[in-house]
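# Residue-level structural notes
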Amino acid sequence: MSKPLIALAVASVMLAGCQNTPVKNISDLSNTAVYPSGYAAPKTSMEYQSSFEARRPRINSAPIPGYTLGATIIADFNNDGQQDLFGAHDPQAYVQYAFGPNRTRLNQSPSTGMKKLREENWSSIFNFYDLSSDEFFAPQLSKTLKISGDTTECLHPSNVAIGDLNADTQPDIVVGCHGFDLNPFPGAHSYVMLSDENGQYRATKLPGKKAFTHRVALLDINLDGFLDVVAADGKRLAYYLNNGRGIFSNPTTLLSRKGLYTVQAADLNGDGLHDLLYGGHEADPHGSTPTKILWNDGSGSFARKLTTQIPSVRGFGIVLDFQVWDGLLVIARTGDNPPYQNGALQVISIDSLEEVQLLTSELPHPYVFQRVAGKKPNAFGTMETYRRGHDFFIEDGTVQFLRNAR
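Residue indices follow the written sequence of each chain, beginning from 1 at its first position. Whole-chain, interface and lining totals are the exception, using all residues; otherwise, since this is a predicted model, local features are given only for residues with pLDDT of at least 70 and side-chain atom pairs are given and counted only at 80 or more. Hydrogens and water molecules were not included; the side-chain quantities draw on all heavy atoms of the structure.

## Observations concerning the layout of surface pockets
Taken as a whole, the largest pocket encloses approximately 1,500 Å³ of empty space. Every residue lining the largest pocket is counted, 50 residues in all, and those nearest its centre are His156, His178, Asp181, His214 and Tyr340. Secondary structure elements follow DSSP: runs of H or I no shorter than four residues count as helices, runs of E no shorter than two count as strands, and numbering proceeds from the N terminus. Breaking the lining of the largest pocket down by element, the ones donating at least two residues are strand E1 (71-75), helix H3 (103-107), strand E6 (157-163), strand E12 (234-240), strand E13 (252-266), strand E17 (318-325) and strand E19 (339-349). Grouping the constituent residues of the lining of the largest pocket by class yields 22 nonpolar, 18 polar and 10 charged. Definitions used for this entry: grid spacing 1 Å over protein atoms alone; cavity, a set of points where a 1.4 Å probe fits but cannot get out; pocket, an open set with protein on both sides within 12 Å along at least 5 of 7 lines; lining residue, one with an atom within 4 Å of a point. If you trace the second largest pocket, you find 14 residues lining it, with Leu117, Asn121, Trp122, Thr152 and Lys210 closest to the centre. Three residue categories are used. Nonpolar comprises Ala, Val, Leu, Ile, Met, Phe, Trp, Tyr, Cys and Pro, charged comprises Asp, Glu, Lys and Arg, and polar comprises the others, including Gly. Tallied by class, the residues present in the lining of the second largest pocket amount to seven nonpolar, five polar and two charged. Grid points are joined across faces, edges and corners, and a volume is the space filled by probe spheres set on the points.

## What to know about empty space enclosed by the protein
Within this structure, the stated rule accounts for three cavities of 30 Å³ or more. There is about 80 Å³ of room inside the largest cavity. Contributing elements (two or more residues each) for the lining of the largest cavity: helix H1 (45-49), E6, strand E10 (215-219) and E17. Taken together, the residues of the lining of the largest cavity break down into seven nonpolar, six polar and two charged. When its volume is computed, the second largest cavity comes out at roughly 70 Å³. For the lining of the second largest cavity, the residue count by class is seven nonpolar, three polar and one charged.

## Topic: the confidence of the model for the protein chain
Model confidence for the protein chain is summarised by a mean pLDDT of 88, while 90% of its residues fall at 70 or above. Between the elements of the protein chain, mean pLDDT differs from a low of 87, seen in strand E22 (residues 379-381), to a high of 98, seen in strand E11 (residues 228-232). On a scale of 0 to 100, pLDDT captures the predictor's confidence in every residue. What makes two residues a contact is simply this: any of their non-hydrogen atoms within 4.5 Å. This stretch, residues 1-18, has a pLDDT under 50; its non-local contacts, to residues over four places away or in other chains, come to 35 contacts.

Here it is as structure tokens:
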């Protein structure tokens, strides 16, 4: 089944001073977006993840011996009414080498690390898991979901995004991989995994060169009704256009900025178009990327650069992820001095575009939000079970941590 292509209308209304125009109030966006008549945006990857509650598995160790847990996500991947888990796992030997006691020395000697990488030829592995119905909800390798294609050019997958990329109503997968995490940071290929009618998944590389991709998000960039991929690689946001069958174009740079590692998409102002949220390292040796909303102007390329800057948070200048729910934008942050210590949730009112709440914690930071079943409705958290203390729920316009969620 395929969707009809929708011709992109040419916007006739332009804002004065359209380059990098600041937006301080939602009302500033009235009558700025023009898009095809009858256009209905497909669900973004964040909306897809937030459309159901995933029951959290109990994972006490990596499901595959010799590999770490890695990036994971839960969805019903074969439309059988049961939740499945997809995981992209790193070799434990690579993690111990790159993040062990010699990390500082290795970063000062790039040739040493690259020689080791060539010798070991490390790569990640992808797997599906059935989630048993017993008390522990433990993952077992899937009996029905299989993966075809060569995925060996992915190392260190940073996140997984899901959405319908080929119009078959089943969730497809994009795995963002950043590669060898030592100087000179050579990058890796990210992957698209498309479903077929039998619930099998075929993996192919996203086009283009290797990149240090930390986050990917799915949204319709050019308003043709198909989900495209946008990726943040530490230097830029780039997008890959989908032809409707899950085949993607070479990347186009949307914007460049040192330290730009995080991206998400959502319709924040209710105009039927998906806006982009981006951030990364706000102020440290690794970058100077302010956290911003990039408003969709209906041009098919965000050409007018309508932006709103989110207030920074002193001591928590590394932005890891975004979640939107019930009129609130929730931003996951971690410490920048020292980096990656402690965590914070910054809450922004979408109506006022102002900070309304800030929660800080000495617990490890949250990294990937997925809506999870808990004691409260509308609970969000991460599939990395050892970080469950940072699950949170939204109730009556406030955010609270949800402790000991299953």
